[in-house]
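Now for the letters of each chain:
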Amino acid sequence: QVQLVESGGGLVQAGTSLRLSCAASGRTFNSYLMAWFRQAPGKEREFVARITETGARTYYADSVKGRFTISRDNAKNMAYLQMNSLKPEDTAIYYCTTGRVWGQGTQVTVSS
């Protein structure tokens, strides 16, 4: 019912910011809870953040709380992850998901 495409990743210095975007196809974007996950080399995929269908509620992993902000714009079929105060341990491939459908991922690399 939906396709997701992430963008916005890159190579950045610690302490800087990136904004990831997730573009969704389809008519029913506002029917889906959206979440961001990440997977670092040699590690399991981990939850980062989620947002309810209307954006009324958000939840964050402790590792990113206070630094990352998940948001969505249902009129544009977009979800976002604003990442501030980036740390080397944030280095991973970041994926957006409805919980059933996943994007292709975008690489975030944070250097010291």
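Note: the structure precedes this text.
These figures come from a predicted structure and were not determined experimentally. (Residues numbered from 1 in each chain as written. Predicted model: local features only at pLDDT ≥ 70, side-chain atom pairs only at ≥ 80, totals over all residues. Heavy atoms only, no water.)

**What about the nonpolar core?**
Worth spelling out the cut-off: Buried residues of nine kinds, namely Ala, Val, Leu, Ile, Met, Phe, Trp, Tyr and Cys, make up a nonpolar core once their side-chain atoms join them within 4.5 Å. A simple rule labels every residue: compare its accessible area, found with a 1.4 Å probe on the protein chains alone, to the largest value its type can have, and call it buried under 20%, exposed over 50%, or partly exposed in between. Put simply, DSSP H or I for four residues or longer makes a helix, DSSP E for two residues or longer makes a strand, and each gets a number counted from the N terminus. The contact criterion used throughout is that any non-hydrogen atoms of two residues lie within 4.5 Å.
One finds Met-34, Trp-36, Leu-81, Met-83 and Tyr-94 to be the most contacted residues of the largest nonpolar core, which totals 30 residues. For this core, the elements supplying multiple residues, two or more each, are β3 (18–24), β4 (34–39), β5 (46–51), β7 (68–73), β8 (78–83), β9 (92–97) and β10 (106–111). Here the element with the most residues in this core is β3; it accounts for four residues. Beyond its immediate chain neighbours, meaning those up to four positions away, Met-34 contacts Leu-4, Cys-22, Phe-29, Ala-49, Arg-50, Ile-51, Ile-70, Arg-72, Ala-79, Cys-96, Thr-97 and Thr-98.

**Some thoughts on the packing of aromatic side chains**
Our working rule: Stacked, tilted and edge-to-face are the three classes applied to pairs of Phe, Tyr and Trp rings, where Trp contributes its six-membered ring and a pair requires centres within 6.5 Å; stacked means planes under 30 degrees apart, edge-to-face means over 60, and tilted covers the rest. Our definition puts a charge over a ring when NZ of Lys or CZ of Arg is within 6 Å of the ring centre and also within 35 degrees of the ring normal.
All told, the structure shown has four aromatic pairs when counted by the stated rule. Seen from their ring centres, Phe-37 and Phe-47 are 5.6 Å apart, and the 75 degrees between their planes marks the pair as edge-to-face. Taken together, the positions of Phe-37 in strand β4 and Phe-47 in strand β5 put the pair 10 residues apart, joining distant regions of the chain. Using a relative accessible area of 17% as the deciding quantity, one classes Phe-37 as buried. Residue Phe-47 is classed as partly exposed on the basis of its relative accessible area, which comes to 22%. With 5.8 Å between their ring centres and 25 degrees between their planes, Phe-47 and Tyr-59 make a pair best called stacked. Of the two residues, Phe-47 is situated in strand β5 and Tyr-59 in strand β6 (residues 58–60); the sequence distance between them amounts to 12 residues. What makes Tyr-59 partly exposed here is its relative accessible area of 42%. Linked through ring pairs, Phe-37, Phe-47, Tyr-59, Tyr-95 and Trp-102 together constitute an aromatic cluster. The residue whose ring lies beneath Arg-19 is Tyr-80, and the NZ or CZ to ring-centre distance is 4.0 Å. The positively charged end of Arg-45 is found above the aromatic ring belonging to Phe-37, 5.0 Å away from the centroid.

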